[in-house]
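Secondary and tertiary structure notes
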Amino acid sequence: MTFRGNHVDELISASLSGDLTAAERAELDTHLARCETCRATLAAFTSERRILSGMPVADPPRDLPARVRAGIESGRFGNPWWRRPSGLFALGASLATVAAAVLAVMILSKFEFAPVGHASNSPAASGSVVPSPSAVETSPATEQPTPVPAFALGPGELGYLSLTGAPLEALRLSFINDATSASIDLGTSSGPPIAAALSPDGQWLAYITQKGETGANEVWALHLTDGKVIPLGCSEAASFTDRLAWSADGSYLAFTLITVNLGPSSDCPADDGDLGTADVWVYDAAHGERYRLTRSGNAYAASFTGGDPATLLVSFAAESPWSQAVPLGADPSGLDRIEGVFLPLVSPDGSRAIFWNGTMTSNGGSWHFSLGGMPQLSKDFRSAGPASPWVGTPLFNDLTPVGGEGFASGKFTWGRDSDLFAFWDGAWTGAPQSADGTYPDQRDLHVGRVSGDLLSAKSRLVLDLADGSWIVDVALAPDGTKAAVTIGLPSAGIGDPPSSRLLGVPLDGGPPVETGGVVTPPPWYGPVVYGW
């Protein structure tokens, strides 16, 4: 295989005529997901192919051979491209040169082309949607209506990430609509997905995957309209870094990256921060731009509050943490602080927020609560009056942080009705507070309601987790009847792919239902998102 620097020109060329093997297709998809230059090259080829597809092919003039021969003999043509040492794909060749050459070749050769990136017997012929992450063509917005996603989730439909592969083989990631079985291929992945968030307009899926055994995570954005997968950065795997926050209109995604050094061969987007520092990044989906919002080294993306311009709650980890409401594009240094509030998650209707309160400590750059860490429920922002809505109520009504006990970390989410909520993965730092010594437990999942009881030992759902398993992620169904729970399973052996269970847990106490049935060994299913 011939490469141009770190670029795969021969694979790109072969993809135009559908001449790739399955292994080459996988290699190209993986490279394109990480290489902007090669995505641009294929996009140029694709654009030229579209232009040419509707053009009539004229016969060449009868005197063309004589004219060409005369031009060569006279020296008017100079040194032709096929005799130049650098060749057509010389390093630094412009896309204009490449596109012009392809245009000429296509006109003269009267080729018929298979779909870009797929041979006629490729998976694209099946019912699943399997687009190349690079096959993206753009047109002026004034000439095209709003695109319809090639892959979509209907209102309330469940979509989940799936990682499959045999031991010691490359793992492939896909996104599946559980209602229709439609799927979209996301290419290879070095580790399982651990978080996901669907944009409110249904056009984008943001997700986080583990990066092999490096102790780092990768953040991605999938454009459901065309299947393009965009790498957004790598981060040290640490507490509070798995929050993916979309603005209300789906235009912006906010996320947290803790700078990590994976060596010169890393394929992660560049990050100029100091090692171990946490900062907020934003992906502007409308313009395809990723930029760094903060440079404090202790900032975490929390959630958007709505409004115009889009306003993001940014939290700053410190012994006494605080948050700020940051209109995108503004300088956060001059904004008012919301003292004692960390990582607030605003409810879908904007009326309340769940947040952390307590004393924090840094451990190698990552932060956790060391004293009195407790999740809190804010007052109703619409009726708080002169009192601060951030004087919260503890989410647990039967836990007493004696001597500074509390949670070091944990996760929570809202239901669509802004009343239902869930809490899991709570790392309790003190002694058990139940007679049987089992509460609180980091493997517990709690579900409560703002309008009813908050959380307690009685709010635990029965999951019957096996030894060594853990709750990865939870999503609450829009109708409030169940929780979709991703449960990570311990590895069966060295080299075995990661495994999980995806359970639909009824909130009325009924038996859980396993997505995909019972498979041995199980693949990795989850996390889950629900269509808007």
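First things first, this report covers the structure right here in the doc.

Thresholds, definitions, all that
- Residues numbered from 1 in each chain as written.
- Predicted model: local features only at pLDDT ≥ 70, side-chain atom pairs only at ≥ 80, totals over all residues.
- Heavy atoms only, no water.
- Helix = DSSP H or I, 4+ residues; strand = E, 2+ residues; numbered from the N terminus.
- Buried < 20%, exposed > 50% of the residue type's maximum accessible area, 1.4 Å probe, protein only.
- Pairing = 2+ DSSP bridges.
- Axes fitted to C-alpha atoms, helices over the stretch in contact; angles between N-to-C directions.
- Salt bridge = Lys/Arg side-chain N within 4 Å of Asp/Glu carboxyl O.
- Polar contact = N/O pair within 3.5 Å; in protein donor to acceptor, adjacent residues only side chain to side chain.
- Contact = heavy atoms within 4.5 Å.
- Phe/Tyr/Trp six-rings, centres within 6.5 Å; stacked < 30°, edge-to-face > 60°.
- Core = buried A, V, L, I, M, F, W, Y, C linked by side-chain atoms within 4.5 Å.

When its secondary structure is counted, the protein shows 5 helices and 27 strands. Going through the 532 residues of the protein one by one, you find that 49% of them count as buried.

Counting buried residues along strand E23 (residues 470-476), 6 of its 7 residues qualify, which places the element largely inside the surrounding structure. Two strands pair when backbone bridges link them, and E23 and strand E24 (residues 482-489) are joined in this way by 6 bridges, in the antiparallel orientation. If you follow Leu476 over to E24, its bridge partner there is Ala483. From the end of E23 to the start of E24, which pair antiparallel, there are 5 residues, and Gly480 there has a positive phi angle of about 70 degrees.

If you walk across this open sheet you meet the 4 strands as E4-E5-E6-E7, and the pairing is antiparallel. Because the sheet does not close on itself, it has two edges, and the strands there are strand E4 (193-198) and strand E7 (228-236). Ignoring which end each strand starts from, the neighbouring axes of this sheet average 20 degrees apart. Two strands pair when backbone bridges link them, and strand E5 (residues 204-210) and strand E6 (residues 216-223) are joined in this way by 7 bridges, in the antiparallel orientation. Directly across from Ile208, in E6, lies its bridge partner Val219.

One pass over the structure, following the stated rule, counts 11 salt bridges. One salt bridge in this structure joins Arg449 and Asp419, with 3.1 Å as the shortest N-O distance. Of this pair, Arg449 sits in strand E22 (residues 445-449) while Asp419 sits in the loop between strand E20 (411-414) and strand E21 (420-424), placing them 30 residues apart in sequence. The partly exposed category is assigned to Arg449, whose relative accessible area is 30%. Of the residues examined, Asp419 reaches a relative accessible area of 14% and is grouped as buried.

With 6 of 6 residues buried, E4 is to be regarded as a mostly interior element. Where E4 and E5 come together, 5 bridges link them in antiparallel fashion. Counted as the bridge partner of Pro193 is Thr209 from E5. Connecting E4 to the antiparallel partner E5 that follows it, the hairpin turn spans 5 residues, and Gly202 within it adopts a positive phi of roughly 75 degrees.

What follows concerns the sheet that holds strand E17 (residues 353-363). Taken in spatial order, the 4 strands of this open sheet run E16-E17-E18-E19, and their pairing is antiparallel. Across the chains shown, the open sheet's two edge strands, defined by having one partner strand only, are strand E16 (342-346) and strand E19 (393-394). The sheet contact formed by strand E18 (residues 366-377) and E19 spans 2 bridges and is antiparallel. Bridge assignment links Gln376 to a residue of E19, and that residue is Pro394.

Looking at the element boundaries, Thr256 is found in strand E9 (residues 252-258). Its relative accessible area of 1% is what places Thr256 among the buried residues. Within the structure, Thr256 has its side chain in polar contact with the backbone nitrogen of Ala301 (distance 2.8 Å). Once residues within four sequence positions are removed from consideration, Thr256 is found in contact with Ser235, Phe240, Thr241, Ala278, Asp279, Ala299, Tyr300 and Ala301.

Moving on, we get to the packing of aromatic side chains. Scanning the model with the defined rule gives 20 aromatic pairs in all. Geometrically, the ring pair formed by Phe240 and Phe342 is edge-to-face, given 5.2 Å between the ring centres and 80 degrees between the ring planes. In this pair, Phe240 is assigned in the loop between E7 and strand E8 (245-246) and Phe342 in strand E16, connecting sequence segments 102 residues apart. You'll find Phe240 and Phe342 in the same group, each marked buried. Look at Phe396 and Phe423: their rings are 5.3 Å apart centre to centre, the planes differ by 85 degrees, and that puts the pair in the edge-to-face class. Taken together, the residues Phe396 in the loop between E19 and E20 and Phe423 in strand E21 connect sequence positions 27 residues apart.

A separate point is the nonpolar core. The biggest cluster of nonpolar side chains holds 39 residues, and the ones touching the most others in it are Phe175, Leu186, Tyr207, Leu222, Leu244 and Phe255. Counting 35 residues, the second largest nonpolar core, distinct from the first, contains Leu313, Ala317, Leu343 and Leu454.

Nothing here speaks to function; it is geometry throughout.
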